Amino acid sequence: MKICPVCGNSVKGRKDKIYCSEYCKSAAQYENRLINEIFFFKVDKQLKTNRKILKTHNKDGYTTLRKTVLLSKGFNPNYFTHLWKNPKGQTYCFCYEFGFLELIGQDKYLIVKWQDYMETNQNRLQ
Ligand SMILES: [Zn+2]
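Chemist: Explanation requested: the overall build of the chain in the structure shown.
Modeler: Across its full length, the chain carries three helices and seven strands. Starting at the N terminus and ending at the C terminus, the chain contains elements arranged as β-β-α-β-α-β-β-β-β-α. What you see for the chain is a C-alpha radius of gyration of 23 Å, clearly larger than the 14 Å of a compact globule of 126 residues, by over 25%. With respect to the three principal axes, the spread of C-alpha positions in the chain is 65 × 35 × 25 Å. Within the chain, buried positions represent 29% of all 126 residues. The long-range fraction of contacts in the chain, counting pairs at least 24 apart against all pairs at least 6 apart in sequence, stands at 44%. For the chain, the accessible area works out to roughly 9,100 Å², and carbon and sulfur atoms hold 53% of it. Here the chain carries 22 positive and 11 negative side-chain charges, and the mean point of each set is 4 Å from the other.

So this is what it looks like as structure tokens:
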């Protein structure tokens, strides 16, 4: 016998039925929507936090900073909005208009601001 994942009652009727009632079915759908929204807000919040931190530390449009300075403020490099590859083949991660590049072996990030010419270079990524 199948058990309803929402209320634990037995599920009667068609074999492919998952929930015991319409009520439980819509409750489950509602919960799924909520979970998706929580994920969306979590990512959205992190992206905005990253942007704010990059913006605060981006002096003169081009700054080198120790990783720990950003990380201690809540910066999470796994969250970014888009990528840009420079002619040298280095890939910058951007959070909106502020980008960062991990300087390998230096424990530092290079912070830059998005420039108009980067838009036309976007194809390089493909
Ligand atoms: Zn149920």
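Text resumes after the structure shown.
Chemist: How should I be thinking about the sheet that holds strand E4 (residues 82-85) in this particular structure?
Modeler: For sheets, the rule is that strands pair by backbone hydrogen bonds, running either parallel or antiparallel. Judged by pairing direction, the sheet is antiparallel, and its five strands sit side by side in the order E3-E7-E6-E5-E4 without closing on themselves. Where the open sheet ends on each side, the last strands, each with one partner, are strand E3 (62-66) and E4. Going across the sheet, the axis of each strand differs from the next one's by a mean of 30°, ignoring polarity. Of the strand pairs in this sheet, strand E6 (residues 98-103) and strand E7 (residues 108-113) are connected by six bridges, and their pairing is antiparallel. Looking at the pairing, Leu-103 lines up with Lys-108 of E7.

Chemist: I'm lost on the coordination of the zinc ion in this one. Help?
Modeler: Six octahedral donors at a metal ideally form angles of 90 or 180 degrees, and four tetrahedral donors ideally form angles of 109.5 degrees. Coordination sphere of the zinc ion, protein contribution only: Cys-4 (SG), Cys-7 (SG), Cys-20 (SG) and Cys-24 (SG), at 2.3 Å. What the four donor atoms of the zinc ion show is an angle range of 101 to 117° at the metal, which sorts the shape as tetrahedral. Residue classification places Cys-7 among the partly exposed residues on the basis of a relative accessible area of 39%.

Chemist: What's the story with the environment of Leu-110 in this structure? I'm lost.
Modeler: For Leu-110, the location among the structural elements is in strand E7. Residue class for Leu-110 comes out buried when judged on its relative accessible area of 5%. Here the alpha-carbon distance between Leu-110 and Asn-58, two residues 52 residues apart in the chain, equals 9.2 Å. Excluding residues that lie within four positions of it along the chain, Leu-110 makes contacts with Tyr-62, Thr-63, Thr-64, Tyr-92, Gly-99, Phe-100, Leu-101 and Leu-103.

Chemist: Looking at this structure, how should I read the layout of surface pockets?
Modeler: A water-sized probe, rolled over the atoms, reveals where empty space remains. In this structure, the largest pocket occupies an estimated 180 Å³ of space. What lines the largest pocket is a set of 15 residues, among which Tyr-62, Asn-86, Tyr-92, Leu-110 and Val-112 lie closest to the centre. Taken together, the elements giving at least two residues each to the lining of the largest pocket come down to E6, E7 and helix H3 (116-120). For the lining of the largest pocket, the element with the highest residue contribution is E7, accounting for three residues. Looking at side-chain class alone, the lining of the largest pocket contains nine nonpolar, four polar and two charged residues.

Chemist: I tried to follow the nonpolar core on my own but got confused; where do I start?
Modeler: The tendency in soluble globular proteins is for nonpolar side chains to be buried as a group. Judged by nonpolar contacts, Ile-53, Leu-54, Leu-65, Leu-70, Phe-75, Cys-93, Cys-95, Phe-98, Phe-100, Tyr-109 and Ile-111 together constitute the single largest core of 11 residues. Of all the elements in the fold, those that place two or more residues in this core are helix H1 (22-57), strand E5 (91-95), E6 and E7. Each residue touching Leu-54, except ones within four places of it in the same chain, is listed here: Leu-70, Phe-75, Cys-95, Phe-98, Phe-100 and Ile-111.

Conventions and cut-offs
Residues numbered from 1 in each chain as written. Predicted model: local features only at pLDDT ≥ 70, side-chain atom pairs only at ≥ 80, totals over all residues. Heavy atoms only, no water. Helix = DSSP H or I, 4+ residues; strand = E, 2+ residues; numbered from the N terminus. Rg over C-alpha atoms; globule rule 2.2 N^0.38 Å. Buried < 20%, exposed > 50% of the residue type's maximum accessible area, 1.4 Å probe, protein only. Contact = heavy atoms within 4.5 Å. Areas by Shrake-Rupley, 256 points an atom, 1.4 Å probe, with all protein chains shown as cover. Lys, Arg positive; Asp, Glu negative; His and termini not counted. Charge placed at Lys NZ, Arg CZ, Asp CG, Glu CD. Pairing = 2+ DSSP bridges. Axes fitted to C-alpha atoms, helices over the stretch in contact; angles between N-to-C directions. Donors = N, O, S within 2.8 Å, 3.2 Å for Na, K, Ca; no water. Tetrahedral: all angles 85-135°; square planar, octahedral: opposite > 155°, others 65-115°. 1 Å grid on protein atoms, 1.4 Å probe; cavity = no way out; pocket = protein on both sides within 12 Å on 5 of 7 lines; lining within 4 Å. Points joined across faces, edges and corners; volume = space filled by probe spheres on them. Nonpolar A, V, L, I, M, F, W, Y, C, P; charged D, E, K, R; others polar. Core = buried A, V, L, I, M, F, W, Y, C linked by side-chain atoms within 4.5 Å.

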